[in-house]
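Chain by chain, the residues:
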Amino acid sequence: MVITMGTFSYTQDGRTIVGTKWMAWGTFSSDSETTGELYTGLELVENLQLTVKDSSVAANAPTYNETLPTVDPITIICDAGEDGCWIAIGRM
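Fair warning: this is a prediction, and the values are worked out from it, not measured in the lab.

Caption draft 1: Representation of the nonpolar core within the structure. Ranked by size, the top nonpolar core spans 14 residues in total, and within it Phe28, Leu48, Ile76 and Trp86 carry the most contacts. Mapped by element, the contributors of at least two residues to this core are β2 (8–11), β4 (21–29), β6 (44–52), β8 (74–77) and β9 (83–91). For this core, the element with the highest residue contribution is β6, accounting for three residues. Among residues more than four places away in sequence, those in contact with Ile76 are Phe8, Thr34, Thr35, Gly36, Leu38, Leu48, Leu50, Thr63 and Tyr64.

Structure, rendered in structure tokens:
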């Protein structure tokens with residue numbers, strides 16, 4: 001499933017149980033945007049990891065503008081044109 005908001009889009013590619021927590025994952029693409037909102041599908045996000053997926057070294061690491069634990073949506077901050085992967089761990 002691909003969700004597009006302006007020129008920021010993301011996918012939610014999977015979700016599974018890990019121990020007593022849920023883990024969800026997918027990709028994001030910022031095109032010409034430097035911020036976007038990510039919906040993980042989790043009731044409470046306790047950990048979020050963002051990784052750049054590119055053919056060269058990223059100028060800045062992507063980050064999020066939230067205090068964890070938090071609820072959806074999560075504001076992602078990244079360089080314009082940056083693509084990457086995300087993994088969220090929390091509760092359903």
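Still to come is the rest of the account.
Caption draft 2: Representation of the sheet that holds strand β7 (residues 63–64) in the model. Overall, antiparallel pairing links the three strands, which are arranged β5-β8-β7 in an open sheet. Where the open sheet ends on each side, the last strands, each with one partner, are β5 (35–38) and β7. Strand direction decides the pairing type here: β7 and β8, joined by two bridges, are antiparallel. Across the sheet, the residue bridging to Thr63 is Ile77, located in β8.

Caption draft 3: Molecular detail of the packing of aromatic side chains. Enumeration according to the criterion identifies one aromatic pair in this entry. With a centroid separation of 6.4 Å and an interplanar angle of 20°, the aromatic rings of Phe8 and Phe28 are classed as stacked. Of this pair, Phe8 sits in strand β2 while Phe28 sits in strand β4, and the two are 20 residues apart along the sequence. Owing to a relative accessible area of 1%, Phe8 belongs among the buried residues under this scheme.

Caption draft 4: Up close: the side chain of Thr11. Take Thr11: it is sitting in strand β2. At a separation of 2.8 Å, a polar atom in the side chain of Thr11 contacts the side chain of Thr27.

Caption draft 5: Region of the structure containing unusual backbone geometry. In this structure, the amide linkage connecting Leu68 to the following residue, Pro69, adopts the cis form with an omega of 0°. Topologically, Pro69 is positioned in the loop between β7 and β8. Cis peptide bonds are those with omega within 30 degrees of zero, and the linkage from Asp72 to Pro73 qualifies with 0°. Residue position: Pro73 is located in the loop between β7 and β8.

Caption draft 6: Highlighting the environment of Thr11. Look at Thr11 and you get buried, because its relative accessible area is 12%. Separated by 67 residues in the primary sequence, Thr11 and Cys78 have C-alpha atoms spaced 16 Å apart. A polar side-chain atom of Thr11 sits 2.9 Å from a polar atom in the side chain of Asp13.

Basis of the calculations
Residues numbered from 1 in each chain as written. Predicted model: local features only at pLDDT ≥ 70, side-chain atom pairs only at ≥ 80, totals over all residues. Heavy atoms only, no water. Core = buried A, V, L, I, M, F, W, Y, C linked by side-chain atoms within 4.5 Å. Buried < 20%, exposed > 50% of the residue type's maximum accessible area, 1.4 Å probe, protein only. Helix = DSSP H or I, 4+ residues; strand = E, 2+ residues; numbered from the N terminus. Contact = heavy atoms within 4.5 Å. Pairing = 2+ DSSP bridges. Phe/Tyr/Trp six-rings, centres within 6.5 Å; stacked < 30°, edge-to-face > 60°. Polar contact = N/O pair within 3.5 Å; in protein donor to acceptor, adjacent residues only side chain to side chain.

These results come straight from atomic positions and should not be treated as a statement about function.
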